[in-house]
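The lines below spell out each chain.
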Amino acid sequence: MPLAQLSVDLPEGTWIRDVSTDHPEATVRVLAAMPGDDGVGFALLQVTAPEMEAVVRAMAEHPAMTDLEPLQRSGQQVIVQIETTAPLLLLSAQASRIPIEPPVVIQDGVANVEVRASNDRLSELGDQLEAFGHSFTVDAIHDEADPEQLLSPRQRDLLLSAVEAGYYDTPRECSLTQLAEDAGIAKSTCSETLHRAEGLVVRRFVERHLVAPERVRENDHPGPEAN
């Protein structure tokens, strides 16, 4: 099922746009959210900012914020539980019957959203976003492959064994030689199999989280290897 990454421009007058544009250095992550009755929304947020207390104060004082309770503070970061009126992004998702995958990351009036849905549902979400006053751009659409299809069984098993044995820990709990011996394969085969598996996993992570897909070379998308 396709995974779409959207950049949503939040409507003026909503608390999150007002606060995030007044404090563009702040990053707000929506960790969880749910709609209530009469257009009220509830959410768990992580707020990170150099002037974190000023951001929280601006949130609490906004007319659309009906309740705000700080739960945990640490340095420039705080987790808060909120209740707000007119949670338009949440209502858009509810109307289109598409769950938005957390975390939603909001900075300077723009929400970075990931949704997993069919093309028809994605089109319906677009209609609902526009109906609630959001403009948006589609940054990427990934045709999500099953993780078991990304790696061959041998690559998957060896990668899991490496993680469990502490091969990727710092300091390392398991050497390549030990890993090869436990797997019953030559050290060179172990190294090559791990290298191919690591490359596939890293490329998938980079595509999903660090760069636009068009920046990743097309020939860097091999399927599962025989190894």
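This text goes with the structure placed above it.
First things first, this report covers the structure right here in the doc.

Helix and strand content of the protein: eight helices and eight strands. Every one of the 227 residues in the protein was classed for burial, and the buried ones make up 38%. Considering only contacts within the protein whose residues lie at least 6 apart along the sequence, 64% involve residues at least 24 apart. Counting every atom, the protein has about 12700 Å² of accessible surface; 49% of that belongs to carbon and sulfur.

This part is about the pattern of salt bridges. All told, the structure shown has four salt bridges when counted by the stated rule. Glu53 is the partner of Arg73 in a salt bridge, and the nearest nitrogen-oxygen pair spans 2.8 Å. In this pair, Arg73 sits in strand β4 (residues 65-74) while Glu53 sits in helix α2 (residues 52-61), placing the two residues 20 residues apart along the sequence. On the basis of relative accessible area, Arg73 is assigned to the partly exposed category, the value being 47%.

With that settled, the discussion passes to the nonpolar core. Ranked by size, the top nonpolar core spans 35 residues in total, and within it Trp15, Leu45, Met59 and Ile82 carry the most contacts. Examining the composition of this core, we find that four residues originate from one element, α2, more than from any other. The residues touching Leu45, leaving out its near neighbours within four places in the chain, are Trp15, Val28, Arg29, Val30, Met59, Val78, Ile79, Val80 and Ile82.

Among the residues of helix α1 (residues 15-22), Trp15, Ile16, Val19 and Ser20 are the ones counted as buried. The arc that holds the buried residues of α1, viewed along the axis, is 110°, so those residues lie on one side. Those residues of α1 that are buried are in contact with β2 (27-35), β3 (40-48), α2, β4, β5 (77-85) and β6 (100-107).

Attention now goes to helix α6 (residues 153-165). A rise of 1.5 Å per residue sets the reference length of α6, with its 13 residues, at 18 Å; its end C-alpha atoms lie 18 Å apart and thus fit the reference within 8%. When we look at burial in α6, the residues that qualify are Gln155, Leu158, Leu159 and Ala162. One side of α6 holds all its buried residues, which, seen down the axis, span an arc of 100°. Relative to its buried face, α6 has exposed residues pointing more than 90 degrees away, namely Pro153 and Glu164. Trailing α6 by a residue or two, Gly166 shows a phi angle of about 85°, which is positive.

Attention now goes to the packing of aromatic side chains. Using the criterion set out here, one finds one aromatic pair in the structure. Here Tyr167 and Tyr168 contribute two aromatic rings whose centre-to-centre distance is 5.1 Å and whose plane-to-plane angle is 80°, an arrangement assigned as edge-to-face. Among the residues examined, Tyr168 registers a relative accessible area of 35% and is labelled partly exposed. In this structure, Arg172 packs its charged tip against the face of Tyr167, placed 3.9 Å from the ring centre.

Right, let's get into the pairing of β4. Pairing of β4 with β5, which is carried by eight bridges, proceeds in the antiparallel orientation. Paired with Gln72 across the bridge in β5 is Ile79. Connecting β4 to the antiparallel partner β5 that follows it, the hairpin turn spans two residues, and Gly75 within it adopts a positive phi of roughly 60°.

This paragraph deals with the packing of helix α3 (residues 88-96) against helix α4 (residues 119-131). A packed helix pair is summarised by two numbers, namely the angle formed by the two axes and the spacing between the axes. Where α3 meets α4, the axes come as close as 9 Å, and the angle between the chain directions of the two elements is 140°. Taken as axis vectors, α3 and α4 run oblique relative to one another. Crossing geometry of α3 relative to α4 is assigned as right-handed. For the pair α3 and α4, the contacting residues are Leu89, Ser92, Ala93, Ala95 and Ser96 in the first and Arg121, Glu124, Leu125, Gln128 and Leu129 in the second. Looking at side-chain class alone, the contact of α3 with α4 contains five nonpolar, three polar and two charged residues.

What counts, and where the lines are drawn
- Every chain is numbered on its own, with residues counted from 1 as its sequence reads.
- pLDDT decides what is reported in this predicted model: residues at 70 or higher carry local features, side-chain atom pairs at 80 or more are listed and counted, and totals for whole chains, interfaces and linings draw on all residues regardless.
- In computing side-chain properties, one takes all heavy atoms of the structure into account and sets aside hydrogens as well as water.
- A run of H or I in DSSP becomes a helix once it reaches four residues, and a run of E becomes a strand once it reaches two; helices and strands are each numbered from the N terminus.
- Residue burial is assigned from relative accessible area. The probe radius is 1.4 Å, only protein chains are included, and a residue is buried under 20% of its type maximum, exposed over 50%, and partly exposed in between.
- Note on contacts: a residue pair qualifies if any of its non-hydrogen atoms lie within 4.5 Å across the two residues.
- Surface accessibility follows the Shrake-Rupley procedure with a 1.4 Å probe radius. Residue values consider only the protein chains on display as shielding.
- What makes a salt bridge here is a side-chain nitrogen of Lys or Arg within 4 Å of a carboxyl oxygen of Asp or Glu, nothing more.
- Throughout this description, the term nonpolar core refers to a set of buried Ala, Val, Leu, Ile, Met, Phe, Trp, Tyr and Cys residues connected via side-chain atoms within 4.5 Å.
- This arc corresponds to the set of directions leading from the helix axis out to the C-beta atoms.
- Expected span, for any helix, means 1.5 Å times one less than how many residues it has.
- Aromatic contacts are taken between Phe, Tyr and Trp rings whose centres are within 6.5 Å, Trp giving its six-membered ring; a plane angle under 30 degrees counts as stacked, one over 60 as edge-to-face, and the others as tilted.
- By definition, being over a ring means that NZ of Lys or CZ of Arg is both within 6 Å of the ring centre and within 35 degrees of the ring normal.
- Strands were regarded as paired on the criterion that DSSP finds at least two bridges between them.
- Geometry is summarised by axes, namely lines fitted to C-alpha atoms with helices restricted to the contacting stretch, and by angles between N-to-C directions that run from 0 to 180 degrees.
- The scheme is simple: roughly parallel for angles under 35 degrees, roughly antiparallel for over 145, roughly perpendicular for 65 to 115, oblique for anything else.
- Handedness of a crossing is defined here by the sense of rotation of the near helix relative to the far one, left-handed for an anticlockwise turn of less than a right angle and right-handed for a clockwise turn.
- All residues other than Ala, Val, Leu, Ile, Met, Phe, Trp, Tyr, Cys, Pro, Asp, Glu, Lys and Arg, Gly among them, are scored as polar; the first ten of these are nonpolar and the last four charged.

Limitation: the analysis is restricted to geometry and does not speak to function.
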